[in-house]
Amino acid sequence: VVAYEKLKGQPEQSNYWLMIDQPLSGGDINESFISVDQHISYYLKIAQVAKEHGFRLFIKLHPGNYHMERIIDDSNIIWVKQAIKGMNNLIEGASLCIGFYSSLLMPCIAYKPTVLIEVINLSWYRHMGKYSNVRILANDDDLSKIIIPNSPSTNETDVFLSEHGFKHNIKYNENLL
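The structure reproduced in this document is the subject of the present report.

## Things to note about the pattern of salt bridges
A side chain with one charge may pair with a side chain of the opposite charge, provided their charged atoms come close. Per the counting criterion, the structure on display carries 2 salt bridges. Across the pair Arg 126 and Glu 118 runs a salt bridge whose closest N-O atoms are separated by 3.9 Å. Relative accessible area serves as the criterion here: at 52%, Arg 126 is assigned to the exposed category. The exposure class assigned to Glu 118 is partly exposed, which follows from its relative accessible area of 21%.

The structure is reproduced here in structure tokens:
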């Protein structure tokens with residue numbers, strides 16, 4: 001597990017997928033929606049699919065998972081924590097973003113092809129699924145069948161930013177890619 005700032009050089013542009021993690025199996029919030037084994041299975045399946053497509057998988061750990069024992073050794077996974085200073089670069093360089101649900105997925109959805117894995121029933125998934133650059137996978141979908149969405153158009157990004165209150169928020173937009 002490395003802090004983003006300690007990655008050797010910048011990650012090669014678009015040579016990786018970025019997974020935004022969530023403490024779904026406990027973490028420090030002690031709220032479990034899936035088992036630890038299921039959580040690890042997601043990591044491994046997504047890493048395998050990324051590898052089959054020619055990409056590495058960067059997993060940006062949720063702070064609630066920093067101290068968990070679920071970190072697995074896989075040659076195709078780079079674990080990242082404390083990426084505050086480099087998060088925009090990490091998102092910007094990814095060719096695809098993947099996640100369950102997280103506020104950190106908002107800049108991904110605004111600017112990148114994004115796959116959301118629906119592990120709990122939230123209307124948020126249906127709302128995000130209306131954007132052409134977002135694909136929703138049900139919890140039990142076969143992850144090997146990930147269909148990579150297109151990047152959002154400039155117009156779609158503008159619509160997303162407007163609909164979610166980012167369009168005219170200068171302070172927020174300074175930090176959003």
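## Here's the deal with the nonpolar core
Among the nonpolar cores identified, the biggest contains 52 residues, and Trp 17, Leu 18, Leu 57 and Phe 100 are the most heavily contacted of them. If one sorts the elements of this core by residue count, helix H1 (residues 36-52) sits on top with 7 residues. Dropping the residues within four chain positions of it, Leu 57 is found in contact with Trp 17, Met 19, Tyr 43, Ile 46, Ala 47, Ala 50, Asn 76, Ile 77 and Ile 78.

## Examining the pairing of strand S9 (residues 134-138)
Where strand S8 (residues 114-118) meets S9, 5 bridges bridge the pair, whose relative direction is parallel. Among the inter-strand pairings, Thr 114 is bridged to a residue of S9, identified as Val 134. Taken together, S8, helix H4 (residues 123-128) and S9 form a β-α-β motif whose crossover is right-handed.

## A short note on the side chain of Thr 157
For Thr 157, the location among the structural elements is in helix H5 (residues 154-163). Apart from the residues within four sequence positions on either side, Thr 157 is in contact with Ala 110, Tyr 111 and Pro 152.

## A few points about the pairing of strand S2 (residues 16-20)
Within S2, 5 of the 5 residues are buried, leaving the element largely enclosed by the surrounding structure. Going residue by residue along S2, you find Tyr 16, Leu 18 and Ile 20 tucked away on one face and Trp 17 and Met 19 tucked away on the opposite face as well. In this sheet, strand S5 (residues 56-60) lies alongside S2 in parallel orientation, the contact comprising 5 bridges. Counterpart to Trp 17 in the pairing with S5 is Leu 57. Inspection of the sheet shows S2 paired to strand S7 (residues 96-99) by 4 bridges, in the parallel sense.

## Topic: the state of the cysteines
The tally for this structure, following the rule as stated, stands at 0 disulfides. Unpaired in terms of disulfides, Cys 108 finds its nearest cysteine sulfur in Cys 97, a separation of 3.1 Å.

## Description of H1
With 17 residues, H1 extends 24 Å from end C-alpha to end C-alpha; this agrees with the ideal 24 Å at 1.5 Å per step. Within H1, burial applies to His 39, Ile 40, Tyr 42, Tyr 43, Ile 46, Ala 47, Val 49 and Ala 50. A positive backbone phi angle near 90 degrees is found at Gly 54, which sits one or two residues after H1.

Calculation rules
- Residues numbered from 1 in each chain as written.
- Predicted model: local features only at pLDDT ≥ 70, side-chain atom pairs only at ≥ 80, totals over all residues.
- Heavy atoms only, no water.
- Salt bridge = Lys/Arg side-chain N within 4 Å of Asp/Glu carboxyl O.
- Buried < 20%, exposed > 50% of the residue type's maximum accessible area, 1.4 Å probe, protein only.
- Core = buried A, V, L, I, M, F, W, Y, C linked by side-chain atoms within 4.5 Å.
- Helix = DSSP H or I, 4+ residues; strand = E, 2+ residues; numbered from the N terminus.
- Contact = heavy atoms within 4.5 Å.
- Pairing = 2+ DSSP bridges.
- Right-handed = clockwise from strand over helix to strand, strands pointing away.
- Disulfide = S-S within 2.5 Å.
- Expected span 1.5 Å × (residues − 1).

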